[in-house]
Each structure stands twice: as C-alpha cells, then as structure tokens.
Amino acid sequence: MALWHEVAAALRGAIASGKYQPGTKIPREAELEAMYSCSRTTVRRAIAQLTAEGLVLPVRRGGTKVRAQADRASVGLDTTAYRDDLGYYFSQAVQPWRALRTPTVQSGPCPPDVAPLLGLGFGEPVVIRDRVMGDPDTGKVMQLATSYLPADLADGTVLAQADTGPGGIYDRMENDLGWGSLDWEGAISARPATPEESELLGLEPGVPVLCVTRMTIATAGSAEGRVVEVNLTRRDASRFQVRYAINRQT
C-alpha cells in the first residue's frame, strides 16, 4: 500500500472514531508530516483522497475541516408514471418542483454514454433540452434535468422548440407525432459532478451526483420501437438517497 493510502486510512479512521469531529479542523499539513513521517506531497494526496470521498473540506483561509454529513431525504424507488395538470412526472418527491430558469434547447453531438441508449453512433447529432428544477418558493435548485432526442426525429418538429405546449414533449409525442402510448425504463447510478453541476446544485467538494437515467420508447408510428428520448436527472447525492422495500421470499 502506498504511504499516502496509509495516511488517508489513518485520518479516515480518526474521523470515524470521533477524534476529529464534524466542523473541526484536522491537523495542518506540517503537523501531519511529523505525525506520519512523510512528505508534504504524501499528505496532500491523502487529503485530496478524503476530499474526493466527501469526508473533509478545504478551508478558505487555510487548513482542512471535517465535513458535517447532512441528513439525506429519502426518495422511494418509484416505478410509476404519474400525471397532473402539467403532464407526466416520475416521482411523487419531485411533483412540487418547477423550472427555476427558462429551459434551453440546442443541437449538439450525443454524449458517448448516451449514444448507445439512443441507438446512435459516437458524435451523432441530438437535440438537447436542459432544465434547472427546484423549489419555486425558495429558489433552491434541487435537480438538473437534460433530455437527449435523436436529431432525425426531433429536428423540424415541436420537440426542438423551446415551448412545447401543454403536457410538454411527452404529450407532443403521444398526441401530435403519433408515437403511441409511451413506455419508459429507468436506471439509477452515481458519478462525480461536473464543475457546472457543482455550481448549479451548490455541491461541496467531493460530493457526487445521484443520477436517474430514463429512456422513453415509442410504441407506434414512424418511431415504433425506438428510444426517442434519454432523460438524465442529477441531484445532490449528499442530500438524497433512494429507498426501497425488501420483501421476504415465500
């Protein structure tokens, strides 16, 4: 094991044991060098690792403090497509949230992780719809939502317009484009946040995003059987967790 791993493990254990309490500073770099008989580079790599794990935070005026772990809001593993006056939504937890900024629509190359889901090749064009969602009363950003639609289906249609009318893109797909009653499939994952995601969601260093990827599948018309949209939502993984029931086998 590399020495910086050992230093990180020792500090991680000290945090877990309560030696270093949330909100308090761990020893400075020079003190850690002496404590563990190592170089400044080793100390910094160890601290960088703990920062990436979300255990510590750099302090603006020097030093590093233990990050307080916020209580997470539990989101039930919801597999129902709901509907209200505004159209479809996919979790009771997000129903009160609204767009806090004007949604943006642009064309661009399909990201490499999304292209296989849409059945596209690397770099093929898509229509990209971005929304910043949150609490309309406080203005707190709670979720980033991005939709990717194949350009050959969306270009020149209402799906590429900023305002898609009542019910949004799903009503347009079902009622105007004749793509049948849509089907959806979803997946949950996590990954490091991009700088833009960190800024919009107000993430602390080292906090990842909780990702829900939803695929929209047409059941009729010219797009029958195709994935016509991939929707990617991102939330602060330090504030949300997915909850589900476990049933005993009988």
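Quick look at the structure, then.

About the criteria used
- Residues numbered from 1 in each chain as written.
- Predicted model: local features only at pLDDT ≥ 70, side-chain atom pairs only at ≥ 80, totals over all residues.
- Heavy atoms only, no water.
- Salt bridge = Lys/Arg side-chain N within 4 Å of Asp/Glu carboxyl O.
- Buried < 20%, exposed > 50% of the residue type's maximum accessible area, 1.4 Å probe, protein only.
- Helix = DSSP H or I, 4+ residues; strand = E, 2+ residues; numbered from the N terminus.
- Core = buried A, V, L, I, M, F, W, Y, C linked by side-chain atoms within 4.5 Å.
- Contact = heavy atoms within 4.5 Å.

**A word on the pattern of salt bridges**
Then, in step 1: Applying the stated criterion to the full structure yields nine salt bridges.
Then, in step 2: The closest approach of N and O atoms between Glu33 and Arg40, which form a salt bridge, is 2.2 Å.
Then, in step 3: Note on Arg40: relative accessible area 34%, which makes it partly exposed.
Then, in step 4: Between Arg234 and Glu197 there is a salt bridge; the shortest N-O distance is 3.0 Å. Placement of Arg234 in strand β12 (residues 227-236) and of Glu197 in helix α7 (residues 195-201) is noted, with a sequence separation of 37 residues between them.
Then, in step 5: In this structure Arg234 comes out as buried when scored by relative accessible area, which is 8%.

**What about unusual backbone geometry?**
Then, in step 1: Residues other than glycine seldom take positive phi values, yet Ser37 does so here, at roughly 50°.
Then, in step 2: Among the secondary structure elements, Ser37 is positioned in the loop between α2 (29-36) and α3 (40-52).

**A few points about the nonpolar core**
Then, in step 1: The biggest cluster of nonpolar side chains holds 15 residues, and the ones touching the most others in it are Leu11, Tyr20, Ile26, Leu32 and Ile47.
Then, in step 2: Of all the elements in the fold, those that place two or more residues in this core are α1 (3-17) and α3.
Then, in step 3: Of all the elements, α1 adds the most residues to this core, at five residues.
Then, in step 4: Not counting residues up to four positions away in its chain, the partners in contact with Tyr20 are Leu11, Ala14, Ile15, Ile26, Pro27, Met35 and Val66.
Then, in step 5: Leu149, Trp179, Leu182 and Val228 belong to the second largest nonpolar core, which has 14 residues in total.

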